[in-house]
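Take a look at the letters that make up each chain.
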Amino acid sequence: MKHWLVASALLAALAVRPMAADDLESLHIFNVNLDLKPGLTVQLHTRVRMFENISAFNQFRGGPILLWQAKPRFNVISGYYYIDQNTRVQHDPYSMHRVFGGGQYRVLRGEKWAVDARGLMERFISGEFKDYWRWRNRAMFSWTTRAGEPFVSVEGLVQQGICYPRYAAGMQWKVHPRMIVGAGYEYRATPNSTPGSHIIATFVQWTAYRHTPPHID
């Protein structure tokens with residue numbers, strides 16, 4: 001019963017802020033894991049995002065993520081993304097760099113379930129706007145079933161003094177010893193007064209070498 005109580009607590013956070021949205025988006029993620037040695041993984045991350053009711057290109061990003069298992073229940077995370085993005089309506093393209101670092105800790109674990117907490121500090125750099133920092137903190141609950149591995153998460157972000165949430169839920173399946181696929185739903189609020197977005201997401205992760213616990217973004 002404990003894992004259902006944890007899931008209920010995470011989902012209850014949905015009531016903290018109304019989930020008003022004015023757009024439907026899609027998000028498609030592909031990761032390749034390269035295990036340099038036990039406990040040390042380089043993940044090559046790419047994603048494509050569509051917006052305006054999945055009718056226009058919004059964003060492409062890619063870059064490496066370093067995952068180091070410093071303790072049995074604690075992973076250090078650092079990485080870099082190069083991002084190409086379009087503005088809404090006008091579709092003016094611009095690019096940015098994003099560097100980040102932090103950690104993920106397994107707060108609770110059972111035989112078939114786990115609760116992970118992750119905190120990251122991010123720096124956004126671009127010639128199109130003034131550089132800024134963003135802090136994000138996420139709690140994720142996942143459990144193993146015969147059908148797959150469902151998950152729910154609640155995340156709080158702080159950007160330029162503004163706090164806003166994200167919520168996600170979905171399912172992952174191990175379709176091959178080295179491949180995991182997934183699908184889910186995410187709600188993203190904005191750091192201003194405009195409504196957020198409903199997002200349909202897909203996920204593919206291929207482990208090129210030794211298997212390590214999957215990283216979920």
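Residues numbered from 1 in each chain as written. Predicted model: local features only at pLDDT ≥ 70, side-chain atom pairs only at ≥ 80, totals over all residues. Heavy atoms only, no water.

**Some words on the packing of aromatic side chains**
Aromatic ring pairs are described here by two measures, namely the spacing of the ring centres and the angle between the planes. As a reminder, the rule being used: Any two of the Phe, Tyr and Trp rings considered here, Trp counted by its six-membered ring, make a pair once their centres fall within 6.5 Å; the pair's planes then place it as stacked at under 30 degrees, edge-to-face at over 60, or tilted in between. Runs of H or I in DSSP of at least four residues are treated as helices and runs of E of at least two as strands, each being numbered from the N terminus. Between buried and exposed lies partly exposed: a residue is buried under 20% and exposed over 50% of the maximum accessible area for its type, with that area taken using a 1.4 Å probe on protein chains only.
If you walk through the whole model with that rule in mind, you get 6 aromatic pairs. Here the aromatic rings of Trp 113 and Phe 141 are separated by 6.2 Å at their centres, their planes lie at 50 degrees, and the arrangement is tilted. In this pair, Trp 113 sits in strand β6 (residues 113-125) while Phe 141 sits in strand β7 (residues 132-143), placing the two residues 28 residues apart along the sequence. In this pair, the class of Trp 113 matches that of Phe 141, namely buried. A centroid spacing of 6.2 Å and a plane angle of 15 degrees characterise the contact between Tyr 167 and Tyr 187, whose relative ring orientation is stacked.

**Observations concerning unusual backbone geometry**
In the Ramachandran plot, Glu 52 falls in the positive-phi region, its phi being about 55 degrees despite a non-glycine side chain. Tracing the chain through its elements places Glu 52 in the loop between β2 (40-51) and β3 (56-71). A positive phi angle, near 60 degrees, is found at His 91, a position not held by glycine.

**Things to note about the pairing of strand β9 (residues 162-176)**
For clarity, the cut-off: When DSSP finds at least two bridges between two strands, those strands are taken to pair.
Pairing geometry for strand β8 (residues 149-159) and β9, over 11 bridges, is antiparallel. What sits directly across from Val 158, in β9, is Cys 163. Connecting the antiparallel pair β8 and β9 is a turn made up of 2 residues, with Gln 160 showing a positive phi of about 55 degrees. Relative to strand β10 (residues 179-188), β9 is paired through 10 bridges, and the arrangement is antiparallel. Directly across from Ala 169, in β10, lies its bridge partner Tyr 185. Counted along the chain from β9 to the antiparallel partner β10, the turn is 2 residues long.

**Let's talk about the pairing of β10**
Here 10 bridges tie β10 to strand β11 (residues 196-207), and the two strands are oriented antiparallel to one another. Residue pairing across strands places Ala 183 opposite Thr 202, the latter belonging to β11.

**Considering the nonpolar core**
Spelled out, the test is: Here, nonpolar core refers to any group of buried Ala, Val, Leu, Ile, Met, Phe, Trp, Tyr and Cys residues whose side-chain atoms link them within 4.5 Å.
Judged by nonpolar contacts, Ile 65, Leu 67, Ile 77, Tyr 81, Ile 83, Tyr 94, Met 96, Phe 100, Leu 120, Phe 124 and Tyr 132 together constitute the single largest core of 11 residues. Looking at this core, the elements that each hand over two or more residues are β3, β4 (74-86), β5 (93-109) and β6.

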